[in-house]
Amino acid sequence: MAEAPLTQTLDALRSADEPAFGGKSASLGQMLSGGIPVPPGFALSTAAFHAFVRESGLQRTIDDALSHMTVGDVDSVSAASRTISEAMRFAPVPAAVEEEIAARYAEVAKAAGQEEPPVAVRSSAVGEDSSEATFAGQQETYLWVRGVEHVCDAVRDCWVSLFSPPAISYRARLASAPEPAMGVTVQLMVDAAVSGVMFTCNPVSGDRSMIALNASWGLGLAVVGGEVTPDDLLVSKVTGEVVREQVHSKEVEYVPDPQGRGAVRVDVPAERRDVRCLDDAAIAALVDVARRVERFFGSAQDIEWAIARGAQPPEGVYIVQSRPVTTAPPAEKPPAPAGGDALSMVMATFGVKPAGGGQR
Amino acid sequence: MASTTPATGSFPSPYEVETLPGCEGWEEMYPYYGRFLESRREADEGRFWFWNSMHFPEPMPAFDVICIDSPYQGIGSWQNRVFAVPPAMGIDWRVVNGYIYITGNPVLDPEKVAERAEVFQKRAGYYYENWDELYGTWRSNMEQLIKELSELEVPDLPEYEPDEVVRGEQNTSFYRVQDAYSRTLRMGDLMWQHHFELLLLGYGAYQTLAEFCKANLPDIPDQHIAQMVAGIDVILFRPDQELRRLARLAIEKGVDGAFRQGRTPEEIDAELAQSEAGREWLEELEKVKEPWFHMATGDGLYHFYRSWLDEPAIPYASLIGHVAALRAGQEIERPTEQIREERDRLADGYRELLDESQRRTFDDLLNLSRRVFPYVEEHKFFCDYWFLTSWWNKIREFGALLARHGFLEDGEDVFHLTRHEVASALDELTLTWATGGQPAGPSHWPPIVARRKEILERFKQWNPPPALGTPPEKVMDPTLIMLWGITDERIRDWASQVEGGSTLSGAPASPGTVEGVARVVRSVDQIGDVREGEILVCGATSPAWAPIFSKISATVTDVGGVMSHAAIVCREYGLPAVVGTGRATATIKTGQRVRVDGTNGVVTILEDADG
């Protein structure tokens, strides 16, 4: 484990790298290897976190604070968290780690053709599923981060989140708590002209032949945050035809802050508001990607996507995140008699009740 | 029937519909049993009657009532008495202001349903197992019947009987006329018997596949299911295919100049007859005519839907269009290879999405549907087109006979008498011909005909409500669902439309959205009025309407499902279509701007007609 590199580009990672780099980074790397368009970026391993704790001499502070804490006492947990977090925030990122971040960030900058491209910095949980990770404080996200210095700060903030009050009490309650550790994902932000989410099935009916697409103008925040009613499309996975569509009035959108930091909410110009925000080429490209992502993971997926400003799909279509659909109702099974015998089913169409008393 | 409050909305009582002004006494041209009689008011008000505008979009001439009775005798015989479809017997009909309303007779007793189920399984199973063989027999029976009909002679009544009668080789003419008439009627019955022999089972297999697909993939568009099953080389496409071939031949032979817009078939033929190449083309045309010009210009249930042989202007209009398209370098072939590929791509695509365990069921249902569906598509050519147009012409011969003897002013007037009145007129004609007595017919029948013509003209101005009576709590009749697309949802839509409104909904039959000017076409003889780019609004279409699909930008129909003619053709032409709206022809006016959303099945009236 000590031999794991501090950083790695995302496209070099595979699922086997999960223990060292965390689930998010490994999954993005795996998608890239499958030809799925994920924004480029790099990952920090748990070794980088360990180096930080070691070189800053924080281990003693952490152990001390935790040993004085009473599990279940909110004040005492908060005090421990505050002590550790403050100590961590003042500790420098190890030089070796900072150098690697700078080099990797420069590669991203070069690929993006920008001097200080905006990136998203996110925690990448190790050895836990996402619901546990939420408890464990491993779901931090910092968007629109620019410049090496700010990237380093965001990385450290992710690490700090390991010691949030919920995270430390969660670990304290476990019979055998793992040593706290996490990876970090740093990924180029897409300045999206259009963005949204899509399910590789109809989440309402469970139909697996459909892709349910929600799309709105600008960055994904508006859709994810429920601030607009997005265009709602149901597209056949088999033919790519739009089977049903509802174009809604999309009043607001998020665009990158012209000052270079974060995103700002603006009104959508009237002439774009009521127009469907995806053209046929964009729909075709999204359907294609959705099918590939689903095939790649082998199960129905809930995908966040974005289309870069000025790009002509299929160019510029990016998958920001994909996770399995867990809430999809199973497709209703046909009331087929045992064995699904075709002729008995035809008989049932004419009102012959299947043997065994099934109801039609 | 207990009167429960239906959740599906309400419709006027058939007994409250008023007779149109000036049409008093209209009932006498229809049989007593087709009327809403006081004697069965309680029962009939409690039933759900919907206007069968798919088959009877226009007011019913007296003679044409035979095309209600015989089909429903046929459908009921097979459904109720042969196969014993468990929950449904047959179809009853009634007439209101000349329009035909129908309803199904359900089987309500569970024990009876169970008893029928046993009969049905045995008999339907036999048909599905031996389908190809039975269909083969069916075809030869139909071909035999068509041959018999074409050979049937309608004799004249001569001054003196020919020598054959003297020699005992031939019966007397009075007998031969009577015999020919009753044989003609019986042949019609036989055709309708054949017509429904395989139809229900064919639709049922398809319906089962559709339900299976929807149970597993609830959002699968109906048209995809239809496309997976649809035949590629079905007879129904042959007539137009032959016209395309003739158009190419005209160009190859260099006689395409004859096919100019605005010319009559006679003018075109006359020019062709002047050159060797033209005469060769005409020879080829003659070969094509048998049987492909027995194509009908309508869905065949009215006497005025003729064949291409009777109305050559229709196929010639297609020929002119095909020739012009070819000269402009356009592709006119039906892209069969593409349709085949699409059909397989869809089937493979959907199959792949199913669970392993369901793929076999899917394959079996798809194969069964593909096996039986050619019948569903092809019976129309043999029965509704070829036979029926020839059969109406046979009736015309009796009309001509009555006209020659002064019983009618015009042979065509025969269709304004009921079949029993025609029998009665022939009785008197043959009687007075034999006795030399003075016939009363010439003063009796013409005023009746004139009055009925006037009434039918008035009826044409009426917009019949889509349904009457009490909707059922749930539509159970498989035939009504399969053949007419009568579902709970459809009834709800109709009920809401009785209230009026500027939006109509129907089945999304062919995807896409188009805005344009509406053209309401009530019968096939009005299709010449349709202008380029207009949206066709009609009751239903049939292959006779083929020439206009290259002109219009979308189609809206009153009746029909995703397998209706309009739906199939619009998908082929890539035109948006909404079918089964219930009352598009009553609601939309020619000249109005409408939006047709064939993806969602919605038609919106955007603005009134100018002026």
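Residues numbered from 1 in each chain as written. Chains lettered and ligands numbered in written order. Predicted model: local features only at pLDDT ≥ 70, side-chain atom pairs only at ≥ 80, totals over all residues. Heavy atoms only, no water.

Novice: It is not clear to me how the overall build of chain A should be interpreted in this structure. Could you clarify?
Specialist: The helix and strand tally for chain A stands at 13 helices and 13 strands. Taking all contacts inside chain A whose residues are at least 6 apart in sequence as the whole, residues at least 24 apart take part in 64%. Here chain A has roughly 16100 Å² of accessible surface; of this, 52% comes from carbon and sulfur atoms. (Helix = DSSP H or I, 4+ residues; strand = E, 2+ residues; numbered from the N terminus. Contact = heavy atoms within 4.5 Å. Areas by Shrake-Rupley, 256 points an atom, 1.4 Å probe, with all protein chains shown as cover.)

Novice: Honestly, the overall build of chain B in this entry has me stumped. Any pointers?
Specialist: Looking only at helices and strands, one finds 20 helices and 12 strands in chain B. Rg of the C-alpha trace for chain B: 25 Å, near the compact-globule value of 25 Å for 611 residues, within the 12% margin. C-alpha atoms of chain B, sized along the principal axes, occupy 80 × 70 × 60 Å. Counted over contacts in chain B with a minimum sequence separation of 6, partners at least 24 positions apart contribute 70%. Carbon and sulfur atoms make up 49% of the accessible area of chain B, which amounts to about 25400 Å² in all. (Rg over C-alpha atoms; globule rule 2.2 N^0.38 Å.)

Novice: Explain the interface of chain B and chain A here, please?
Specialist: By a widespread convention, an interface's size corresponds to the accessible area lost as its parts come together. Taken together, the contacts link 46 residues of chain B with 33 residues of chain A. For the chain B and chain A pair, buried surface summed over both sides reaches about 3100 Å², with 61% attributable to carbon and sulfur atoms. The largest share of the area that chain B buries against chain A comes from Ala215(B), Asp219(B) and Leu353(B), three residues that together contribute 18% of it. In this structure, the connection of chain B to chain A is made through 2 salt bridges. (Buried area = accessible area lost by both parts, 1.4 Å probe. Salt bridge = Lys/Arg side-chain N within 4 Å of Asp/Glu carboxyl O.)

Novice: How should I be thinking about the packing of aromatic side chains in this particular structure?
Specialist: The relative placement of two aromatic rings is captured by the distance of their centres and the angle of their planes. Residue and element names in this part refer to chain B. According to the stated counting rule, one finds 42 aromatic pairs over all chains in the structure shown. On the numbers, 5.7 Å between centres and 55° between planes, the contact of Phe11 with Phe48 is tilted. Separated by 37 residues along the polypeptide, Phe11 in the segment before α1 (41-45) and Phe48 in strand β1 (residues 48-51) bring together distant segments of the chain. Overall, the relative accessible area of 9% leaves Phe11 in the buried class. Classification of Phe48 as buried rests on a relative accessible area of 7%. Taken together, a centroid distance of 5.6 Å and an interplanar angle of 70° make the contact between Tyr15 and Phe36 edge-to-face. Within this pair, whereas Tyr15 is found in the segment before α1, its partner Phe36 is found in the segment before α1, the two being separated by 21 residues in sequence. Judged by its relative accessible area of 15%, Tyr15 is buried. Taken together through their ring pairs, the aromatic side chains of Tyr128, Trp131, Tyr135, Trp138, Trp292, Tyr375, Phe381, Phe382 and Trp386 make up a single cluster. (Phe/Tyr/Trp six-rings, centres within 6.5 Å; stacked < 30°, edge-to-face > 60°. Buried < 20%, exposed > 50% of the residue type's maximum accessible area, 1.4 Å probe, protein only.)

Novice: Can you help me understand the sheet that holds strand β1 (residues 7-9) of chain A in this one?
Specialist: Pairing between the strands of a sheet is mediated by backbone hydrogen bonds and can be parallel or antiparallel. All names here are of chain A. Read from one edge of the open sheet, 5 strands run β1-β2-β5-β3-β4, paired in antiparallel fashion. Only two strands of the sheet have a single partner each, and these edge strands are β1 and β4 (141-145). The average angle at which neighbouring strand axes cross in this sheet is 20°, direction not considered. Sheet topology places strand β2 (residues 41-44) next to strand β5 (residues 183-188); 4 bridges connect them, and they run antiparallel. In the sheet register, Ala43 faces β5, and the bridge partner there is Thr185. (Pairing = 2+ DSSP bridges. Axes fitted to C-alpha atoms, helices over the stretch in contact; angles between N-to-C directions.)

Novice: What should I look at first to understand the packing of helix α13 (residues 342-349) of chain A against helix α3 (residues 110-129) of chain B in this one?
Specialist: When two helices pack together, their arrangement is given by the angle between their axes and by how far apart the axes lie. Their axes nearest at 11 Å, the elements α13(A) and α3(B) cross at an angle of 125°. It follows from the interaxial angle that α13(A) and α3(B) lie oblique. As for the relative orientation of α13(A) and α3(B), their crossing is right-handed in sense. Residues Leu343(A), Val346(A) and Met347(A) of α13(A) lie in contact with α3(B), whose contacting residues are Phe120(B), Gln121(B), Ala124(B), Gly125(B) and Tyr128(B). (Parallel < 35°, antiparallel > 145°, perpendicular 65-115°, else oblique. Left-handed = near helix turned anticlockwise from the far one by under 90°.)

Novice: Which parts of the structure should I look at to understand helix α12 (residues 313-327) of chain B?
Specialist: Working note: α-helix, 3.6 residues per turn, so residues spaced by three or four point in the same direction. Residue and element names in this part refer to chain B. Over its 15 residues, α12 runs 21 Å from end to end, which matches the ideal 21 Å to within 8%, given 1.5 Å per residue. Buried positions along α12 lie against α9 (238-252), α10 (265-272) and α11 (276-292). Gly329 sits one or two residues past α12 and shows a positive phi near 80°. (Expected span 1.5 Å × (residues − 1).)

Novice: I would appreciate a short explanation of the pattern of salt bridges in the present structure.
Specialist: When their charged atoms lie close together, side chains carrying opposite charge are able to pair. With the rule as written, the count across this model stands at 62 salt bridges over all chains. For Arg273(A), the salt bridge goes to Glu251(A), with nearest N and O atoms at 3.8 Å. In this pair, Arg273(A) is assigned in helix α11 (residues 270-273) and Glu251(A) in the loop between β9 (242-246) and β10 (252-256), connecting sequence segments 22 residues apart. The exposure class assigned to Arg273(A) is partly exposed, which follows from its relative accessible area of 23%. One salt bridge in this structure joins Arg139(B) and Glu378(B), with 3.6 Å as the shortest N-O distance. Of this pair, Arg139(B) sits in helix α4 (residues 131-151) while Glu378(B) sits in helix α14 (residues 356-404), and the two are 239 residues apart along the sequence. With relative accessibility at 8%, the residue Glu378(B) sits in the buried group. Three or more residues joined by partner-sharing salt bridges are found here, namely Arg40(B), Asp44(B), Arg47(B), Asp92(B) and Arg94(B).

Novice: Any chance you could explain the confidence of the model for chain B here in plain terms?
Specialist: Any region with low pLDDT has predicted coordinates that should not be read closely. Residue and element names in this part refer to chain B. Residues at a pLDDT of 70 or more form 96% of chain B, whose mean pLDDT is 90. Residue range residues 1-8 is modelled with pLDDT below 50. Its contacts to residues more than four positions away, or to other chains, number 10 contacts. At the level of chain-chain contacts, confidence expressed as ipTM amounts to 0.76, with global pTM at 0.75. (pLDDT = per-residue confidence, 0-100.)

Novice: What's the story with the sheet that holds strand β3 (residues 99-106) of chain B in this structure? I'm lost.
Specialist: Residues and elements named next belong to chain B. Within the open sheet, the 4 strands sit side by side as β2-β3-β1-β4. Their pairing is antiparallel. Looking along the sheet, the strands with just one partner apiece sit at the ends: β2 (88-96) and β4 (467-469). Neighbour-to-neighbour, the strand axes of the sheet open up by a mean angle of 30°, direction not taken into account. As judged from the 2 bridges shared by β1 and β3, these two strands associate in the antiparallel manner. Looking across to β3, one finds that Trp51 is bridged to Tyr101. Packed on one face of the sheet, helix α2 (residues 66-82) meets β2 and β3 and runs near 165° to β2.

Novice: I'm lost on the side chain of Arg419(B) in this one. Help?
Specialist: All names here are of chain B. Within the element layout of this structure, Arg419 appears in helix α15 (residues 419-435). Given a relative accessible area of 14%, Arg419 falls into the buried group. A polar contact is formed between the side chain of Arg419 and the side chain of Asp69, at a distance of 3.1 Å. (Polar contact = N/O pair within 3.5 Å; in protein donor to acceptor, adjacent residues only side chain to side chain.)

Novice: Sorry if this is basic, but what is going on with a negative patch on the surface here?
Specialist: A contiguous patch of negative charge on the surface is contributed by Glu341(B), Asp344(B), Asp348(B) and Glu352(B). Within the secondary structure, Asp344(B) is located in helix α13 (residues 336-353). (Patch = residues over 30% accessible without salt bridge, like charges linked within 9 Å, V, L, I, M, F, W, Y side chains within 5 Å. Lys, Arg positive; Asp, Glu negative; His and termini not counted. Charge placed at Lys NZ, Arg CZ, Asp CG, Glu CD.)

Novice: What is the right way to read unusual backbone geometry from this model?
Specialist: Excluding glycine, a negative phi dihedral is what most residues carry, and trans is how most peptide bonds are arranged. Here the amide bond leading from Pro313(A) into Pro314(A) is cis, since omega sits at 10°, within 30 degrees of zero. Residue placement: Pro314(A) occurs in the loop between β12 (301-308) and β13 (317-324). In this model, Glu290(B) is joined to Pro291(B) through a cis peptide bond whose omega is 5°. One can find Pro291(B) in helix α11. Phi at Trp144(A) is positive, roughly 55°, even though this residue is not glycine. Within the element layout of this structure, Trp144(A) appears in strand β4. Using a relative accessible area of 5% as the deciding quantity, one classes Trp144(A) as buried.

Novice: Could you clarify how one ought to interpret the state of the cysteines in this entry?
Specialist: The bond known as a disulfide is covalent and runs between the sulfur atoms of two cysteines. Residues and elements named next belong to chain B. Taken as a whole, this structure holds 0 disulfides over all chains when the rule is applied. Distance from the sulfur of Cys67, which forms no disulfide, to the nearest cysteine sulfur (Cys383) is 11 Å. Taking relative accessible area as the criterion, Cys67 reaches 1% and is therefore assigned buried. (Disulfide = S-S within 2.5 Å.)

Novice: In this structure, what is going on with the environment of Pro162(B)? I would like to understand it.
Specialist: Relative to the elements of secondary structure, Pro162(B) occurs in the loop between α4 and α5 (163-166). A sequence separation of 10 residues divides Pro162(B) from Thr172(B), and the C-alpha atoms of the two residues are 8.9 Å apart.

Novice: Any chance you could explain the environment of Pro5(A) here in plain terms?
Specialist: Residue and element names in this part refer to chain A. When you line up the elements, Pro5 lands in the segment before β1. Of the residues examined, Pro5 reaches a relative accessible area of 38% and is grouped as partly exposed. Separated by 43 residues in the primary sequence, Pro5 and Ala48 place their C-alpha atoms 8.1 Å from one another. Discounting residues that sit within four places of it in the chain, Pro5 has contacts with Phe21, Ser45 and Ala47.

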